[in-house]
Amino acid sequence: MPKETTPESGRIQARFAALREQGRAGLVTYMMAGDPDTAAAQAVLEGLPAAGADIIELGMPFSDPMADGPTIQAAAQRALKQGQTLKGTLAMLARFREKDADTPVVLMGYYNPIHSHGVEQFAADAAAAGADGAIIVDLPPEEAPELTGPFAAHGLHLIMLTAPTTDEKRLPAVLDHAGGFLYYVSITGITGTRSADETQVAEAVARLRAKTDLPIAVGFGIRTPDQAAAIARAADAAVVGSALVERIATGDDPLGFVAALAEGVRGARP
Amino acid sequence: MTKALNTYRAGADERGHFGIFGGRYVAETLMPLILEVERAYADAKADPAFQAELDGYLKHYVGRPSPLYFAQHMTEHLGGARIYFKREDLNHTGAHKVNSCMGQILLARRMGKTRIIAETGAGQHGVATATVCALFGLTCVIYMGQVDIERQAPNVFRMKLLGAEVKPVTSGSATLKDAMNDAMRDWVANVDDTYYLIGTVAGPHPYPSMVRDFQCVIGEETRAQILEQEGRLPDSLVACIGGGSNAMGLFHPFLDEPDVRIVGVEAAGDGVETGRHAASMTGGRPGVLHGNRMYLLQTDDGQVVEAHSISAGLDYPGVGPEHCWLKDTGRVEYVPITDAEAVEAFQTVTRLEGIIPALESAHAVAQAIKLAPTLPRDHVMVVNMSGRGDKDVATVAKALGSDVGEAL
């Protein structure tokens, strides 16, 4: 069941409500904070809403990203090498919020930098910077109780992952902690490697919908506007990460790519 | 000592926690697999046929029990405690690693898994894993950092001879921690047929407890052997700690003996004060990596720092969660030994006893060399000779300023 949220943290609900009204799915884009450098990353971040991103996942770089493929590993290393820190990532978000009060931003990363910062302090600082929630890849429901209290106190959503390996017996434990939206990892594998089968994704989403009212976003392996459109027919949102991170790394018109993805998602349903 | 517990051997709890340490910090995709390992291990542990099969292989294939050897010349040389070596270096494949590999490979077979993956640093765990895979005809993929592949070439060739595929890891610092990252990435992509054979008492629950259980044969044998040879329990135990599996295997059966002093030896590299070390408990703070909370070498920002040790097997930025808990409860002392001290001890024990120790084990010997002269002559100390040092002779030659060919 969706958690109660405070007015400050209602951007995710407001965005999905608007999408439902428009009769379309959303585009969620992932980028790594501080990659390839602070200024370039800030410019991409600030350009994402106008390019068509409905929700933004802002990656917090970590030295040991165990669930990520080579593209996002390399992005994290570039960001760390040029001095990106958790505080720097939150500062980036705070600057973004000076210009955009509506687009939901979800921080995505691994637990140790948050643990090191202090869970309470992280929740307070992330909320103050304008975050709506966080996806912590290596925090399954078994360990999630460490965060639920501080997150709830600051109106942050803990966005939980489900995977093809998450069976019916296990799903309630995941949903018990889930807020904001549910992130379905469409493949068994790491980010940016292989692509999901559209039919299997549709079946999985239907299975999840029977158990939750939360909006369902699908990610991992979505690389093209056509693939994003296919996912958008089945789910409430399609997440694109590695393919965008590659274009940011090479400077190959990342915002133009986001616009093409957005066009795909917006035209997906008749 | 914070408080005296009724037992130090009860952990982990049902969620895999040792106090604040341990746990299961992995991606959701892996959680169901880890729960499957936990169930399968609980079944196996309760099945006498499984233990009987394991005991058979340990006896006839690994060569157990390993001897407990009274190191007469070291004892005379140091002029204090009576020093015994638990000879894990005499196991098949030359180290304690095979104890846990044998247990886990039997478990993997029981689970119907056909493909085995593992990480390795120095290559000892990789060789032990490749060995048991060859024995049972299972596909074997070993992840090894590119940097380690270059400095441990003989072990790489050994693994290939045994039929394993050795996958070079170039991400991050291209060492053991990155090899573990890539092994986890492999597992997440091969969820149906693959078993991840972790080499130490770290990783997500149940691995720290399971690997400990398989390594406890070291301490259980030691207990029986010292009772036979000395007629009483030892006064102290000393073992080196990377992830901590050889030490946990020796220590655990003695944790509830309050009169047995227990000392774990961390790799201090160039010295803890230099920042170039692998002493997670002396120089790190609690953090989360590779599925568990443990003492971890990390920056103020929570980024994992590369470890440094002359011993590739101790070159890891974390340490098993049960050790972290034993440190915080005060039951076990953890002390640092530098590269230089280990190399000195390596030479001393080689000359005096005719035993070439692994550089890892030389750290434990170095601590024994420090402690023994301060102790009375009736003090009985057991040092875990966790592995043999043939693999390390080139490294030691280099540390002494020459290459192997001209060192003599």
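See the structure above.
So, here is what we can say about the structure in this document. If you're wondering where the values come from, they're calculated on a predicted model, not measured in any experiment.

### Points about the overall build of chain B
- Summing up its helical and strand segments, chain B has 16 helices and 14 strands in all.
- At 20 Å, chain B has a C-alpha radius of gyration in line with the 22 Å of a compact globule built from 408 residues.
- For chain B, the spread of C-alpha atoms along the three principal axes comes to 55 × 50 × 50 Å.
- Here chain B holds 408 residues, and 64% of them are scored as buried.
- Counting only contacts in chain B whose residues sit at least 6 apart along the sequence, the fraction spanning at least 24 positions is 72%.
- Summing over all exposed atoms, chain B offers an accessible surface of approximately 14100 Å²; the carbon and sulfur share of this is 51%.
- Chain B carries 37 positive and 50 negative side-chain charges, and their two centres are separated by 2 Å.

### Description of the packing of helix α5 (residues 124-136) of chain B against helix α7 (residues 153-161) of chain B
Residue and element names in this part refer to chain B.
- It is at 9 Å that the axes of α5 and α7 come closest, and there the two elements cross at 10°. One finds that α5 runs roughly parallel with respect to α7. By crossing handedness, the relation of α5 to α7 is classed as left-handed. Along the contact surface, α5 presents Gln124, Gly126, Val127 and Ala130, while α7 presents Asn155, Arg158 and Met159.
- Of the residues in the contact of α5 with α7, the class split is three nonpolar, three polar and one charged.

### Some remarks on the sheet that holds strand β1 (residues 26-32) of chain A
Residues and elements named next belong to chain A.
- The nine strands lie next to each other as β5-β4-β3-β2-β1-β9-β8-β7-β6, forming an open sheet whose pairing is parallel. The open sheet has two edge strands with one neighbour each: β5 (157-158) and β6 (161-162).
- Bridge count for strand β2 (residues 55-59) against strand β3 (residues 105-109) is four bridges, and the pairing is parallel. Note that in β3 the partner of glycine 59 across the bridge is methionine 108.
- Packing against the sheet, helix α2 (residues 38-51) makes contact with β1 and β2, and its axis sits at approximately 175° to β1.

### A closer look at the interface of chain B and chain A
- Chain B puts 38 residues into the contact, and the matching count from chain A is 39 residues.
- When the buried area of chain B at its contact with chain A is split by residue, Tyr25(B), Glu28(B) and Arg185(B) rank highest and sum to 23% of it.
- Our count for the contact surface shared by chain B and chain A stands at three salt bridges.
- With its nearest N and O atoms 2.7 Å apart, the salt bridge here joins Arg293(B) to Glu146(A).
- Summed over the shared surface of chain B and chain A, the number is 25 residue pairs in polar contact (both at pLDDT 80 or more).
- Those elements that place two or more of their residues in the side of chain B that touches chain A are β2 (21-25), α1 (31-45), α8 (176-189), β11 (285-289) and β12 (291-296) of chain B.
- Tallying contributions element by element places α8(B) first for the side of chain B that touches chain A, with seven residues.
- Looking at side-chain class alone, the side of chain B that touches chain A contains 16 nonpolar, twelve polar and ten charged residues.

### Thoughts on helix α4 (residues 97-110) of chain B
Residues and elements named next belong to chain B.
- The end-to-end C-alpha distance of α4, which contains 14 residues, comes to 20 Å, matching closely the 20 Å that a straight helix rising 1.5 Å per residue would cover.
- Extensive coverage of α4 is indicated by the burial of twelve of its 14 residues.
- Along α4, the residues classified as buried are Lys97, Val98, Asn99, Ser100, Cys101, Met102, Gly103, Gln104, Ile105, Leu106, Leu107 and Ala108.
- Following α4 by one or two positions, glycine 112 adopts a phi angle in the positive range, close to 80°.

### Remarks on the pattern of salt bridges
- In the structure shown here, the tally under the stated rule is 38 salt bridges over all chains.
- Salt-bridge contacts for Lys391(B) lead to Glu360(B); the nearest nitrogen and oxygen are separated by 2.9 Å. Placement of the pair is Lys391(B) in the loop between β14 (380-385) and α16 (393-399) and Glu360(B) in helix α15 (residues 359-371), with a sequence separation of 31 residues. Like Lys391(B), the residue Glu360(B) is buried in the burial classification.
- Salt bridges sharing common partners tie together Arg11(A), Arg97(A), Asp100(A) and Asp132(A).

### Here's the deal with the environment of Gly130(A)
- Residue position: Gly130(A) is located in the loop between α6 (119-129) and β4 (133-136).
- Sequence spacing of Gly130(A) and Thr103(A) is 27 residues, and the spatial spacing of their C-alpha atoms is 10 Å.

### As for the pairing of strand β8 (residues 216-219) of chain A
Residue and element names in this part refer to chain A.
- Neither face of β8 is exposed, since Ile216 and Val218 on one face and Ala217 and Gly219 on the opposite face are all buried.
- Taken together, strand β7 (residues 182-185), helix α9 (residues 198-209) and β8 form a β-α-β motif whose crossover is right-handed.
- Pairing analysis gives two bridges linking β8 to strand β9 (residues 237-240), with the strands arranged parallel. Bridge pairing links alanine 217 to alanine 237 in β9.

### Quick look at the sheet that holds strand β5 (residues 115-120) of chain B
Residue and element names in this part refer to chain B.
- As summarised here, the arrangement of the four strands in space is β7-β6-β5-β8, forming an open sheet in which the pairing is parallel. For this open sheet the edge positions go to β7 (165-169) and β8 (194-196), each flanked by a neighbour on one side alone. Averaged over all neighbouring strand pairs, the angle between strand axes comes to 25°, with direction disregarded.
- As defined by bridge partners, β5 adjoins strand β6 (residues 139-145) across six bridges and the pair is classed as parallel. The partner of alanine 118 across the bridge, within β6, is isoleucine 142.

### A short note on the nonpolar core
- By size, the foremost hydrophobic cluster in this structure holds 128 residues, and its most contacted members are Tyr183(A), Ile105(B), Tyr195(B) and Phe251(B).
- By residue number, the principal contributor to this core is α1(B), which donates eight residues.

### Focus on the packing of aromatic side chains
- One pass over the structure, following the stated rule, counts 15 aromatic pairs over all chains.
- Between the aromatic rings of Tyr183(A) and Phe220(A), the centroid separation amounts to 6.2 Å while the plane-to-plane angle is 85°, which identifies the pairing as edge-to-face. On the criterion of sequence distance, the pair formed by Tyr183(A) in strand β7 and Phe220(A) in the loop between β8 and α10 (225-234) is long-range, its members being 37 residues apart.
- For the pair Phe50(B) and Phe214(B), a centre-to-centre distance of 6.4 Å together with 45° between the ring planes defines the contact as tilted. Of the two residues, Phe50(B) sits in helix α2 (residues 48-62) while Phe214(B) sits in helix α9 (residues 207-215), which places them 164 residues apart along the sequence. Just as Phe50(B) is buried, Phe214(B) falls in that class too.
- For Arg247(A), the ring lying beneath its charged end belongs to Phe257(A), and the centroid distance is 3.9 Å.
- Geometry around Phe70(B) places Arg82(B) over its ring, the cationic atom sitting 4.5 Å from the centre.

### Considering the pairing of β9(A)
Residues and elements named next belong to chain A.
- Judged by which residues are buried, β9 turns out to be covered on both faces: Ala237 and Val239 on one side and Ala238 and Val240 on the other are all buried.
- Here β1 runs beside β9; their pairing, made up of four bridges, is parallel. Bridged to threonine 29 within β9 is valine 240.
- As a crossover connection, the stretch from β8 through α10 into β9 is right-handed.

Reading guide: rules and limits
Residues numbered from 1 in each chain as written. Chains lettered and ligands numbered in written order. Predicted model: local features only at pLDDT ≥ 70, side-chain atom pairs only at ≥ 80, totals over all residues. Heavy atoms only, no water. Helix = DSSP H or I, 4+ residues; strand = E, 2+ residues; numbered from the N terminus. Rg over C-alpha atoms; globule rule 2.2 N^0.38 Å. Buried < 20%, exposed > 50% of the residue type's maximum accessible area, 1.4 Å probe, protein only. Contact = heavy atoms within 4.5 Å. Areas by Shrake-Rupley, 256 points an atom, 1.4 Å probe, with all protein chains shown as cover. Lys, Arg positive; Asp, Glu negative; His and termini not counted. Charge placed at Lys NZ, Arg CZ, Asp CG, Glu CD. Axes fitted to C-alpha atoms, helices over the stretch in contact; angles between N-to-C directions. Parallel < 35°, antiparallel > 145°, perpendicular 65-115°, else oblique. Left-handed = near helix turned anticlockwise from the far one by under 90°. Nonpolar A, V, L, I, M, F, W, Y, C, P; charged D, E, K, R; others polar. Pairing = 2+ DSSP bridges. Buried area = accessible area lost by both parts, 1.4 Å probe. Salt bridge = Lys/Arg side-chain N within 4 Å of Asp/Glu carboxyl O. Polar contact = N/O pair within 3.5 Å; in protein donor to acceptor, adjacent residues only side chain to side chain. Expected span 1.5 Å × (residues − 1). Right-handed = clockwise from strand over helix to strand, strands pointing away. Core = buried A, V, L, I, M, F, W, Y, C linked by side-chain atoms within 4.5 Å. Phe/Tyr/Trp six-rings, centres within 6.5 Å; stacked < 30°, edge-to-face > 60°. Lys NZ or Arg CZ within 6 Å of the ring centre and 35° of its normal.

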